[in-house]
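# Chain and residue survey
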Amino acid sequence: MEWFTENRHDILVAFGFTVEMVVIAGVVALVLGAILAAMRVSPIPLARGIGTFYVYAVRNTPLLLIMLLFAFGIPNLDIRPELHLGDAELLRLNVFFVFATAALGLYTAAFVCEAVRSGINSVPLGQAEAARAIGLTFGQSLRLVILPQAFRAVLQPVASALIAMIKNSAIAVGVGVTEMGFEMQKLQNDHPSSRWEIFIVFAIAYMLLVAIVALVTAALERRARIA
Amino acid sequence: MSSSVLFDEPGPRARVRFRLYNGVFVLVVLGVIALVLYKFNAAGQFESRIYHRLSENGVITELRRGLVATLEAAGLAIAVALLLGIVLAVARLSDHRWIRVPATAFVEFFRAVPLVLLIIFLFGLAGATSPMSGWDTRTQGLAALVTGLMLYNGSVLCEVFRAGVNAVPKGQAEAAYAIGMRKNQVLRVVLIPQGVRYMLPAIISQCVVALKDTSLGYIVLYPEFLRGSRTVAQYAGSFLVTYLLIALVYIAMNSVLSLLAYWAERRISQRGRGAARAVEHVEEALAAG
């Protein structure tokens, strides 16, 4: 375990990067995914069209390509985000981190949208009809009747999307973000004899993150369960 | 539930309101498009030089080479993943604990590990293990990519196969046992041929995932589509335009596969078997991967 003690600091920083990426991208994905799902079931034709188009385009494009498009394509438009984070040196945050996280969030949003939409569709027809019958508007029936019930059905698929996102965050190694995938690649090159150990330890680190999402989901599921 | 139940057939006032919202949306969308076009133009992304260079013969040959490498990796990976998936599914459906438990552990492990880590690890491993260390970088990258995709997609497909076999009505297996078939005959002759029908859409969706994931070959220097387009982008002078073009090609390829999935799904639903739903659930759960 020499590789670990020697590089403990770098490994922890990389782990922190992955966690930061996953948390920020997760929030982006949940918010945008919910908006997209609302658009896809709305009565406004153009909103539905945009939602459908977004999901279709994103689902059929590799995440790495989206990350590359952000990291190398957007600077072609002379857009270069300036970071004013004070202690940026400590976090070693860079522009690539911003682009990769944005790409991860926007990519996952499409899957969250589909999960939410299928959840909405799982609510029995009569519920929506009853909501309409007592005169609730589209917004009200969605907010007061459909979504609270859809929540239960949505939890598990959304959790799957977030778990896939955690695993996908490692793809950021392709655009040079110094997260866990990057750190593992570096360690494998520096300590070829400990290859198996390094791989197993990093795999377990990801499983830990996945386990957190699974535990939170289980807790939410318990709370949402009908007595 | 169709989404149209969420709102009534709009009356005159609602129609006016929807039209208003739609108008606002049209304006916003047009504004965004205009902004994007303006930015593209201001940054010189519409310069004919870029498009001239992108349509040169040499560039197209380079892109085609990358595309072929991607399809080669995808074809190989899907073929071996299907085989592994079948083996794992049979193992997980086995009555013997000593076969079932290791197979389950195997499937759960490879579904949980990020594919990128697996591919990076395999690439390093191939470089250090004796017969493979002599290979050139391309072969080594291809081996790592295909093996990684095989382990991951094989594990996912195992679950798809299992769900498909379990979706076959119980009476089928019981009847097969009743007429004296052996365990492997029941699986081979009765359950799998019927289960395949339910699995087909999920299998094709997984092919889309595998095709997309071949892009990870980029990280182990395998000259697939993205790797190949890098030099092209540098030559053309625009990563933006080049990558957008590549994205269109990916969307087109996956659309063909999705059409196949749609067609398979329709054929199955025409036969009117409710069991396809069970597979759909698995497919939904796995689609995120």
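Note: the structure precedes this text.
Notes on the structure follow. (Residues numbered from 1 in each chain as written. Chains lettered and ligands numbered in written order. Predicted model: local features only at pLDDT ≥ 70, side-chain atom pairs only at ≥ 80, totals over all residues.)

### What about the overall build of chain B?
- For chain B, the helix and strand inventory stands at twelve helices and zero strands.
- Counting from the amino terminus, helix and strand elements in chain B follow one another as α-α-α-α-α-α-α-α-α-α-α-α.
- Counting every position in chain B, which comprises 289 residues, the buried fraction comes to 39%.
- Considering only residue pairs separated by 6 or more positions, chain B has 77% of its internal contacts joining residues 24 or more positions apart. (Helix = DSSP H or I, 4+ residues; strand = E, 2+ residues; numbered from the N terminus. Buried ≥ 20, exposed ≤ 12 C-beta atoms within 10 Å, placed from the backbone. Contact = placed C-beta atoms within 7 Å.)

### Some thoughts on the overall build of chain A
- Scanning chain A from N- to C-terminus turns up ten helices and zero strands.
- The secondary structure elements of chain A, listed N-terminal to C-terminal, are α-α-α-α-α-α-α-α-α-α.
- When the backbone C-alpha atoms are referred to their principal axes, chain A occupies close to 70 × 50 × 35 Å.
- Here chain A, with 227 residues, has 44% of them falling under the buried criterion.
- Relative to all contacts within chain A whose residues are 6 or more apart in sequence, the contacts with residues 24 or more apart total 77%.

### A few points about the nonpolar core
- Counting residues in hydrophobic clusters, the biggest one holds 141 residues, and the most contacted among them are A:Met67, A:Ala100 and B:Ile119.
- With 16 residues, the top contributor of residues to this core is helix α7 (residues 137-167) of chain B.
- Residue contacts for A:Met67: discarding those within four places in its chain leaves A:Phe99, A:Ala100, A:Ala103, A:Ile171, A:Ala172, A:Gly174 and A:Val175. (Core = buried A, V, L, I, M, F, W, Y, C linked by C-beta atoms within 7 Å.)

### Some remarks on the environment of B:Gln206
All names here are of chain B.
- As for its placement among the helices and strands, Gln-206 is situated in helix α9 (residues 183-213).
- We classify Gln-206 as buried; it has 26 C-beta atoms within 10 Å.
- Separated by 46 residues in the primary sequence, Gln-206 and Val-160 place their C-alpha atoms 9.3 Å from one another.
- Beyond its immediate sequence surroundings of up to four residues, Gln-206 is in contact with Asn-153, Val-156, Leu-157 and Val-160.

### Some words on the packing of helix α3 (residues 57-92) of chain B against helix α4 (residues 97-112) of chain B
All names here are of chain B.
- For the pair α3 and α4, interaxial distance at closest approach is 8 Å and the crossing angle is 135°. Put simply, α3 runs oblique to α4. Here α3 runs over α4; the crossing is left-handed. From α3, Leu-88, Ala-91 and Arg-92 reach across to α4, where they touch Ile-99, Arg-100, Ala-103, Thr-104, Phe-106 and Val-107.
- Here the residues of the contact of α3 with α4 sort into six nonpolar, one polar and two charged. (Axes fitted to C-alpha atoms, helices over the stretch in contact; angles between N-to-C directions. Parallel < 35°, antiparallel > 145°, perpendicular 65-115°, else oblique. Left-handed = near helix turned anticlockwise from the far one by under 90°. Nonpolar A, V, L, I, M, F, W, Y, C, P; charged D, E, K, R; others polar.)

### Describing the packing of helix α10 (residues 195-224) of chain A against helix α5 (residues 115-128) of chain B
- At a minimum axis distance of 11 Å, the contact between α10(A) and α5(B) shows a crossing angle of 180°. In terms of orientation, α10(A) lies roughly antiparallel with respect to α5(B). For the pair α10(A) and α5(B), contact is made by A:Arg195, A:Phe199, A:Phe202 and A:Ala203 and by B:Leu117, B:Phe121, B:Gly124 and B:Leu125, respectively.
- Across the contact of α10(A) with α5(B), the residue classes tally to six nonpolar, one polar and one charged.

### Quick look at unusual backbone geometry
All names here are of chain B.
- A positive phi is found at Leu-221, a non-glycine position, where the angle reads about 65°.
- Position of Leu-221 among the secondary structure elements: in the loop between α9 and α10 (225-236).
- A residue is classified by how many C-beta atoms lie within 10 Å of it, and Leu-221, with 14 of them, is partly exposed.

### Quick look at the interface of chain A and chain B
- With 54 residues of chain A at the contact, the number on the chain B side is 47 residues.
- Among the elements of the structure, α3 (45-59), α4 (63-73), α6 (95-122), α7 (125-133), α8 (138-168), α9 (180-190) and α10 of chain A are those that each provide at least two residues to the side of chain A that touches chain B.
- Residue composition of the side of chain A that touches chain B, grouped by class: 37 nonpolar, twelve polar and five charged.

### Comments concerning the environment of B:Leu142
All names here are of chain B.
- Residue placement: Leu-142 occurs in helix α7.
- Taking the C-beta count within 10 Å as the criterion, Leu-142 has 24 such neighbours and is therefore assigned buried.
- Sequence separation between Leu-142 and Cys-207 is 65 residues; the distance between their C-alpha atoms is 18 Å.
- When residues no more than four places from it in sequence are discounted, the contact partners of Leu-142 are Ala-73 and Tyr-222.

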